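Letter by letter, the chains look like this.
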Amino acid sequence: MSAPSYRWLLLTSLVISACHPLDRSVAPNVARAHSHVAAGGATVMPVVPPVAPPPRPAPSFLSPPRYFQCGLGGISFQGVSFDSRSHRLAIADQPNGPASQWGDSQEAGRATNALAAVNGGFFTPEGTPLGRVVSHGKVAGSWNPSSLGGGVWFVQSNGSSAISRREAVRHIPESAISSLLQAGPMLVENGHAVSGLDLTKSSPRTFIAWDGGTRWVIAHADSCTLAGLSGALATNRLVGMPAHAALNLDGGRSAELWISPTISGGPVFLRPFWNKPVRNFVLLLPK
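So, here's what we can say about the structure. The model shown is predicted, which means the values in this text are computed figures rather than measured ones.

Rules used in this analysis
Residues numbered from 1 in each chain as written. Predicted model: local features only at pLDDT ≥ 70, side-chain atom pairs only at ≥ 80, totals over all residues. Heavy atoms only, no water. Helix = DSSP H or I, 4+ residues; strand = E, 2+ residues; numbered from the N terminus. Contact = heavy atoms within 4.5 Å. Areas by Shrake-Rupley, 256 points an atom, 1.4 Å probe, with all protein chains shown as cover. Pairing = 2+ DSSP bridges. Axes fitted to C-alpha atoms, helices over the stretch in contact; angles between N-to-C directions. Buried < 20%, exposed > 50% of the residue type's maximum accessible area, 1.4 Å probe, protein only. Core = buried A, V, L, I, M, F, W, Y, C linked by side-chain atoms within 4.5 Å. Salt bridge = Lys/Arg side-chain N within 4 Å of Asp/Glu carboxyl O.

Examining the overall build of the protein
Part 1 of the argument: Counting secondary structure elements, the protein contains 5 helices and 17 strands.
Part 2 of the argument: Of all intrachain contacts in the protein linking residues separated by at least 6 positions in sequence, the fraction that spans at least 24 positions is 68%.
Part 3 of the argument: Accessible surface for the protein amounts to roughly 15500 Å². Of this, 59% is attributable to carbon and sulfur atoms.

A short note on the sheet that holds strand 12 (residues 203–210)
Part 1 of the argument: With antiparallel pairing, 7 strands are arranged side by side in an open sheet as 1-2-13-12-14-10-11. One side of each edge strand has no neighbouring strand; the edge strands of this open sheet are strand 1 (66–72) and strand 11 (192–193).
Part 2 of the argument: Sitting on the sheet, helix 5 (residues 226–235) is in contact with strand 1, strand 2 (75–83), strand 10 (186–189), strand 11, strand 12, strand 13 (215–224) and strand 14 (245–248), with an inclination near 25° to strand 10.

Thoughts on unusual backbone geometry
Part 1 of the argument: With omega at 0°, the peptide bond leading from Gly184 into Pro185 counts as cis.
Part 2 of the argument: Going from Gly266 to Pro267, the amide bond is cis rather than trans, its omega being 5°.
Part 3 of the argument: Despite not being glycine, Asn113 shows a phi value in the positive range, around 60°.
Part 4 of the argument: Turning to its location among the elements, Asn113 is positioned in the loop between helix 3 (105–111) and strand 4 (116–119).
Part 5 of the argument: Phi angles above zero are rare outside glycine, and Val239 is one such case at about 45°.
Part 6 of the argument: Counting through the fold element by element, Val239 comes out in the loop between helix 5 and strand 14.
Part 7 of the argument: Assessed through its relative accessible area of 16%, Val239 is described here as buried.

Quick notes on the environment of Ala140
Part 1 of the argument: Summarising the element assignment, Ala140 is placed in strand 6 (residues 138–140).
Part 2 of the argument: The class for Ala140 is buried, based on a relative accessible area of 16%.
Part 3 of the argument: C-alpha of Ala140 to C-alpha of Pro129: the two residues are 11 residues apart in sequence and 7.1 Å apart in space.
Part 4 of the argument: Leave out the neighbours within four places in its chain, and Ala140 touches Asp93, Pro129, Gly131, Arg132, Val133 and Arg279.

So, the nonpolar core
Part 1 of the argument: Counting 60 residues, the largest nonpolar core has Phe77, Trp153 and Phe207 as the members making the most contacts within it.
Part 2 of the argument: The element best represented in this core is strand 13, accounting for 6 residues.
Part 3 of the argument: Judged by nonpolar contacts, the second largest core, of 12 residues, contains Ala92, Trp102, Ala114 and Phe281.

Things to note about the pattern of salt bridges
Part 1 of the argument: Taken as a whole and judged by the stated rule, the model has 6 salt bridges.
Part 2 of the argument: For Glu174, the salt bridge goes to Arg132, with nearest N and O atoms at 2.4 Å. With a gap of 42 residues between them, Glu174 in the loop between helix 4 (166–169) and strand 9 (177–183) and Arg132 in the loop between strand 4 and strand 5 (133–135) connect regions that are remote in the sequence.
Part 3 of the argument: Judged by its relative accessible area of 41%, Glu174 falls in the partly exposed class.
Part 4 of the argument: Residue classification places Arg132 among the buried positions, given a relative accessible area of 15%.
Part 5 of the argument: Measuring nitrogen to oxygen at the nearest pair gives 3.1 Å for the salt bridge that ties Glu189 to Arg165. One end of the pair, Glu189, is in strand 10; the other, Arg165, is in strand 8 (residues 161–165), and 24 residues separate them in sequence.

Some thoughts on the environment of Ser195
Part 1 of the argument: Structurally, Ser195 is set in the loop between strand 11 and strand 12.
Part 2 of the argument: On a C-alpha basis, the gap between Ser195 and Gly231 in space is 9.4 Å, while along the polypeptide they are 36 residues apart.

Overview of the sheet that holds strand 4
Part 1 of the argument: Strand order in the open sheet formed by 5 strands is 3-17-4-15-16, with antiparallel pairing between adjacent strands. Two strands in the sheet have a free side with no partner beyond their single neighbour: strand 3 (87–93) and strand 16 (268–270). Ignoring strand direction, the axes of neighbouring strands in this sheet form an average angle of 15°.

Details of the pairing of strand 10
Part 1 of the argument: With 3 bridges joining them, strand 10 and strand 14 adopt antiparallel strand pairing. The residue of strand 14 that forms the bridge with Val188 is Ala246.
Part 2 of the argument: The pairing of strand 10 with strand 11 spans 2 bridges and is antiparallel. When the bridges of strand 11 are listed, Glu189 appears paired with His192.

Encoded structure:
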């Protein structure tokens, strides 16, 4: 090959190399492999950095507890709805009787860092629970055979919670229950209004409602009859939730509700000055 032709070929090779730069993500490993061969005389495969797995998709967050105010069946409601996968109910009992630790639901809620609190079950004039209560594993009161103890809200040791008839809960070993409140009457059972409830006496009322899955409500209802409250909950969707079961709590002068300012729409505190102190409270807490 003549000298001019050789120089032309060399120039063309340099131009082509300039248009295809070295892949620096591979070159260092290749260079290291070559140096190992030169130093040790043996073939060493290049070390390839591990490939990181793709990031997991961010989990979908559950809706936070929600304050609501609405009217159904001629009854005004205020309360909190929540999902039991992220929040839970608990019982705050006062072994020494009403107002021995907290004068009202607001004091009880603030002292326990709760998001909301509502009055609990019935009690005698002496302050003894008129029904079974289990709070933080401690048992108080005895089983109430009357309609005021016809229903039970409870939490088992595995964390599952439900509302059921007294007869269905009594056979569960107490060692398997971490929280329990006996009250009544049942307002809704298996999605249907409970028959035979009082049609004449109107009073402010509080209750717990459950959709049979993970959605719950604790709420205050303005003056109404037990039958009227039962029908309103069974035939309407309170905050879009069909009621599978609902349990009446102590009402009248015991009915009260507190919602903390951490819940959108709060704070709310429903307690007329003529209300009397109560024995225990139902608290809403994060899990």
